[in-house]
Each structure stands twice: as C-alpha cells, then as structure tokens.
Amino acid sequence: MLPKSTQPSQYLETRLTRYRSQALRLLDSAQSTMSRGQWNQAEDLLWGSLVAAARGVALWHGEPAESDAELKDFVRRLGDQERDRYIRDAFDHLSAWADAAERVRDRRSRVDYLFLAMDDLSEAIERLVAHMPGAGAAPPVADPDADAADIEA
C-alpha cells in the first residue's frame, strides 16, 4: 500500500478537471439547445452532463461507478446524506424527461414544465460539480485513521 497523501495525485486532479469541465460544457450546451426547442438533443446533453458530474464526485469519494446502477445509487445516497433533493432525485427527473417532452409535443402538457425540469437538473449538476474540489484538496475520508485506497491502480 502506498503511503497516505494529503494531496491528490496529478492523475486524480486531471480526471476531476476533465469531469468538471465536461459536465459544465455539456450543461451549457443543453441549456442552449433547450432554448431552440430541441428537447431530445437537450436530454442527451443533460445525460452526459449529469453522468460526468456524478462520475467526478464518485471518483473523488472513492466510490465504484462502473455501471449506471452504481452511479445512480451513489448519487441517491449522496443526496440523502446531504439532504439535497436536487442531487437525490437528479436521475429520476432525467429519466422522466422523455415522457415530459412527448407530452409537450402532443400538446398534453405545457412547455414550461420542461424548463422547470431543466432548472432542477441544472441545479443538481451544479451542486454535484461543487462537490468536486479544486486542485490540491484532499479526498474525503470517512475514517481519518483508515488507509486511503490507491486510486491510480
């Protein structure tokens, strides 16, 4: 086992920076796409943004996030732990997006519902990104006496 470090490795910093910038870039693109009424494309961009943000936070916390189920479970647990409904319900809201867009297209629902959903998802993504620290911060450790896992494998 490698000695415990209070500084994240360059590899970890690089991955966190990539996840953070990807999440924010895709979120910005989703918002622009939404304003043009391209709801299916906005949904795809939101999925990418949410997954990038969630993967970055999971990486920071040393949580497994290999499958969609693990990632969704981690985000739900984090939201519960933080008492943050935006984070906790993010994947549920995004899963309901396609049905909502369909109802809007069929004129059975108002378009403002999609914009409200977009606001909630944007807030969730921004809150997840805020859980990824800047360069030089130490990863959270549940037990300060426990050895940290080797992230670089």
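What this report covers is the structure whose coordinates are included nearby. (Residues numbered from 1 in each chain as written. Predicted model: local features only at pLDDT ≥ 70, side-chain atom pairs only at ≥ 80, totals over all residues. Heavy atoms only, no water.)

All right, on to the packing of aromatic side chains then. Tallied over the entire structure, the rule returns one aromatic pair. Relative to Phe91, the ring of Trp47 lies with its centre 5.8 Å away and its plane at 40°, an arrangement referred to as tilted. One end of the pair, Trp47, is in helix α2 (residues 39-61); the other, Phe91, is in helix α5 (residues 90-95), and 44 residues separate them in sequence. Taking the ring centre of Tyr19 as reference, the NZ or CZ of Arg18 above it sits at 5.3 Å. Directly above the aromatic system of Tyr113 lies the positively charged group of Arg103, at a separation of 6.0 Å from the ring centroid. (Phe/Tyr/Trp six-rings, centres within 6.5 Å; stacked < 30°, edge-to-face > 60°. Helix = DSSP H or I, 4+ residues; strand = E, 2+ residues; numbered from the N terminus. Lys NZ or Arg CZ within 6 Å of the ring centre and 35° of its normal.)

Packing of helix α1 (residues 10-35) against α2 brings their axes to within 8 Å, and their N-to-C directions diverge by 160°. One way to sum up the angle between α1 and α2 is to call them roughly antiparallel. In terms of crossing hand, the pair formed by α1 and α2 is left-handed. Residue composition of the contact of α1 with α2, by class: 16 nonpolar, seven polar and two charged. (Axes fitted to C-alpha atoms, helices over the stretch in contact; angles between N-to-C directions. Parallel < 35°, antiparallel > 145°, perpendicular 65-115°, else oblique. Left-handed = near helix turned anticlockwise from the far one by under 90°. Nonpolar A, V, L, I, M, F, W, Y, C, P; charged D, E, K, R; others polar.)

Once that is clear, we can look at α2. Along its 23 residues, α2 runs 32 Å from first to last C-alpha, staying within 8% of the 33 Å computed at 1.5 Å per residue. Backbone geometry just after α2 places Gly62 at a positive phi near 70°. (Expected span 1.5 Å × (residues − 1).)

This brings us to the environment of Arg108. Summarising the element assignment, Arg108 is placed in the loop between α6 (97-105) and α7 (112-130). Look past the residues within four positions of Arg108 in its chain and what remains in contact with it is Glu102 and Arg103. (Contact = heavy atoms within 4.5 Å.)

The analysis is restricted to geometry; functional conclusions fall outside its scope.
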